[in-house]
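Observations on chain architecture
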Amino acid sequence: MRDNRKHSEKIKNLPLIPLRDLVVFPSTLVPFIIGRSSSVKALERSKEVDNTIFLSAQMDPSLDNPTPKDVFSMGVVAKVIRTIKVDDKNIKVIVEGKTRARILEFISTFPYHQVLVKEVVELENDNPETRDLLKRVLTLFEDYLRLSQNANFEAIIPALRENSSERITDIISSHLYLPLEEKQNLLETTNNIERIRRLNFVLENEILKIHARQKKDNKKPGRSKNHMRDPGQKIFPAGLNIKKEDQPNEIEELKKKVIEAGMPADAEEKASKEIERLETMPPMSAEATVCRNYLDWLISLPWNKKSREKRNIEIAKKILNDDHYGLEKVKDRILEYLSIRQLVKKPKGIILGFVGPPGVGKSSLGESIARATGRKFVRLSLGGVRDEAEIRGHRRTYIGAYPGRIIQMIKRAGTKNPVFLLDEVDKMSMDFRGDPASALMEVLDPEQNNSFLDHYIDTDFDLSQVMFIVTANMMEPIPRPLLDRMELIKIAGYTENEKLQIALKFLLPKQMKAHGLKKNNLAIQEKALQKIIREYTREAGVRNLERELTSICRKIVKKVVLKGKSYRECITPKNVDKYLGIPKYRRSLIDKQPEIGTSLGMAWTEFGGELLTIEVTKVHGKGNFTLTGQLGSIMQESAQTAFSYVRGKIFELNMAKEFHKNFDIHIHVPEGSMPKEGPSAGITIAVAILSLFTDIPVKRDIAMSGEITLKGKVLPVGGIKEKLLAAHREGIREAILPFDNKPDLKDLPKNVKDVIKIHFVENMDEVIDLVLTGELPKNIRKDRIPISSGITGREGEGEGSQEPPLTH
């Protein structure tokens, strides 16, 4: 035996916090709660002495104001690691025990206890007998943790083996569920070999007690009460400085809340098991905190709480019309649902998918639907989400685990039938952590979401009564199985007249109110609004329009402040420039004369429809074919197809000699910084190439869209409504569309149909007749079709010969 004085004897002047039912050991990290004013002041004083404090247990935990004789003289010098304010009175403190120390003298007892302490020298014994006994204690402790169902035993045991023998005994002592007096005895045993022997005896006794209790309770498996807590041990949280009779029984409160929550049987069983586990744990242990968090989540979920729905269709219709102009298809669908609710008590929840460009009101529609139906509203933005756990939650084995965003939002709503907006679903991505889009399939499937399983909650939650609304700008990034689960409603952009009405009825009053302006301060003429819409914004929605109106309001506010509240300004088409600067967009496309090799197409983007100019030119060369303008692979193939069709056409007209041998062909789509994709520009490119080779100009006041085949057939394309709205916005009065797209016009506003003359075509011959300003040459040679100029064709093969292949 040797006396290893690792810690030299030191005398320190430290503030004291008396603890209730808690003994802190050296080398351990312990949380506890303080609430007495003396304890709070002692904690504040510790900040002045390098966050060092002395901790000692009270002999009688029920005493609210212990005197020096009521506190054990042996305690621990500890370092305050962190403090967290729980409420107005209580503070959670996390400390790390450093060394044993004994109180020499109480220097003061008011306003807090100040003591003079002397650090105690620990006697170490490093010999074979000590090591063998320590191994036995570690084995017994491992059995003890398993029997007490401590989930962390696999992490505790390896950590113990890496420490010194005195640290091991202190850590084991802190993890035992023992009466206060027994723990205090272990703290006061400064001889390490004696402490190991004492632990060996205590562990053997505790294990025997557990086995005896398990045999006694065999008749009720799985429902045994707390085996680990000594009958004399208190159940209120250690260190919580309030009187015992005032301390609510936490376990009983939790049981009562579980019953009141109205959980399903499976969830209630899990909650009961967690409460049983919580009873066996030290109140302030990390594992107990995990249990409490889990129980809090189970209790706080709205298992049976529902919003009382409004079923009056007229009121709902008024709310929807007050909030949004147009969007009749969406409004009708909501009113249909409310009508079903009149006849069916428990219809399935609906899952609507709103697809459309930014700024058309997809997200704000969700709030209006919630108001119209009387439900709570929650919104979850999915932009940038790439982890499946964001949807399904983390398993509780992870540190800091939480439920997924779906369950979190349901808890925030407080009801099981809210309007749940899943915003920007097309902006989700995936990586090695999983695919959140796949996780959403269960959420958005009416046949499955009545038993949605979150990894953290680990029990089924019914989402079938939730009204899900999914928004996206584009359908392409969304997986097909996910799209299949939604009722898709496409929301196209607004017409110029609709934007004007939205600005007058919604945007302008909203911005005037936000800026504190009265009706007599600002007036904007309709023609001025039309000019703003046409020359300062080019969008499918109204977001930029609102931004421009905000800019005007700011400038008027400045003048009102400088010149007085009676200042009045009227915005006219002539003075718009004064407030918004020079126009950002000019309508130059339809003002020009017809040109050779230039045609006007219509394109669809995620921001709405756009007009697209196609330019084709020929330069001296060797017959090369060039495409520029950042065209996607599909659009490049479409251009190749159009080029091959035109070559076949001009071979018919015997015009191949000049261009194929001596010229390069260059096709360019302006605004080269913008990526372009899709087959719908096929007929537009073909018209531009044909115009170039025949020297016949193309009309500039007619826009077109359609896919072309090698045989000259015109195939249907998508985005018709958006494309025609863009044409209408830019003043186009004539358009060419594939014949098979005729049914798509039913959703087109009447004022657009009345203004734009639409030609439906089935082949390129009809397109050519409509767009070229002159007629094609009449000298068609049907008896002989040369493959290329300067190359001998198959002239002698007769009428029955096989048609020659087209070459590039």
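Just so it is clear, the model here is predicted, and its values are computed rather than measured.

**Let's talk about the packing of helix H17 (residues 496-514) against helix H18 (residues 526-535)**
- Their axes nearest at 10 Å, the elements H17 and H18 cross at an angle of 120°. Of the possible angle classes, the one that applies to H17 and H18 is oblique. The two elements H17 and H18 meet at a crossing, and its hand is right-handed. Counting all contacts with H17, which are made through Glu496, Lys499, Leu500, Ala503 and Leu504, the residues of H18 involved are Glu526, Leu529, Gln530, Ile533 and Arg534.
- For the contact of H17 with H18, a count of residues per class yields 5 nonpolar, 1 polar and 4 charged.

**Topic: unusual backbone geometry**
- In this structure, the amide linkage connecting phenylalanine 110 to the following residue, proline 111, adopts the cis form with an omega of 0°.
- Along the chain, the position of proline 111 falls in the loop between strand S5 (91-108) and strand S6 (113-119).
- One non-glycine residue, asparagine 51, lies in the positive phi region at around 60°.
- The backbone of glutamate 424 sits at a positive phi, close to 55°, despite the residue not being glycine.
- The exposure class assigned to glutamate 424 is partly exposed, which follows from its relative accessible area of 24%.

**With respect to the packing of aromatic side chains**
- Applying the stated criterion to the full structure yields 7 aromatic pairs.
- Centre to centre, the rings of phenylalanine 141 and tyrosine 144 are 6.4 Å apart; their planes meet at 20°, and the pair counts as stacked. Here tyrosine 144 and phenylalanine 141 lie together in helix H2 (residues 128-147), a separation of 3 residues that amounts to about one turn. You'll find phenylalanine 141 and tyrosine 144 in the same group, each marked buried.
- Aromatic ring contacts, followed pair by pair, group Phe141, Tyr144 and Tyr177 into a single cluster.
- Taking NZ or CZ as reference, lysine 411 lies 4.1 Å from the ring centre of tryptophan 297, over its face.
- Above the ring of phenylalanine 663, the side-chain terminus of lysine 618 is found at 5.1 Å from the ring centroid.

**Things to note about the confidence of the model for the protein chain**
- Across the protein chain, the average pLDDT comes to 80, with 85% of residues at or above 70.
- Put simply, helix H3 (residues 153-161) is where the protein chain has its lowest mean pLDDT, 61, and strand S3 (residues 52-57) is where it has its highest, 94.
- In the predicted structure, residues 219-248 sits below a pLDDT of 50 and forms 64 contacts with residues beyond four places in sequence or in another chain.

Procedures and definitions
Every chain is numbered on its own, with residues counted from 1 as its sequence reads. Local features in this predicted model are restricted to residues of pLDDT 70 or higher, and side-chain atom pairs are both shown and tallied only at a pLDDT of 80 or more, whereas totals for entire chains, interfaces and linings draw on every residue. Hydrogens and water molecules were not included; the side-chain quantities draw on all heavy atoms of the structure. Structural elements are reduced to axes, namely lines fitted to C-alpha atoms, with helices fitted over the stretch in contact, and the angle between N-to-C directions of any two is expressed from 0 to 180 degrees. Numbered from the N terminus, helices here are DSSP runs of H or I no shorter than four residues, and strands are runs of E no shorter than two. Here the angle decides the label: under 35 degrees means roughly parallel, over 145 means roughly antiparallel, 65 to 115 means roughly perpendicular, and every other value means oblique. Two helices cross in a left-handed way if the nearer one is turned anticlockwise from the farther one by less than a right angle. They cross in a right-handed way if the turn is clockwise. Any two residues whose heavy atoms approach within 4.5 Å are treated as being in contact. Note on residue classes: Ala, Val, Leu, Ile, Met, Phe, Trp, Tyr, Cys and Pro are nonpolar, Asp, Glu, Lys and Arg are charged, and everything else, Gly too, is polar. A simple rule labels every residue: compare its accessible area, found with a 1.4 Å probe on the protein chains alone, to the largest value its type can have, and call it buried under 20%, exposed over 50%, or partly exposed in between. Ring geometry is summarised as follows: Phe, Tyr and Trp rings, the Trp one being its six-membered ring, pair when their centres sit within 6.5 Å, and such pairs are stacked at plane angles under 30 degrees, edge-to-face over 60 and tilted between the two. By definition, being over a ring means that NZ of Lys or CZ of Arg is both within 6 Å of the ring centre and within 35 degrees of the ring normal. Each residue gets a pLDDT score, which is the predictor's confidence in that residue and runs from 0 to 100.

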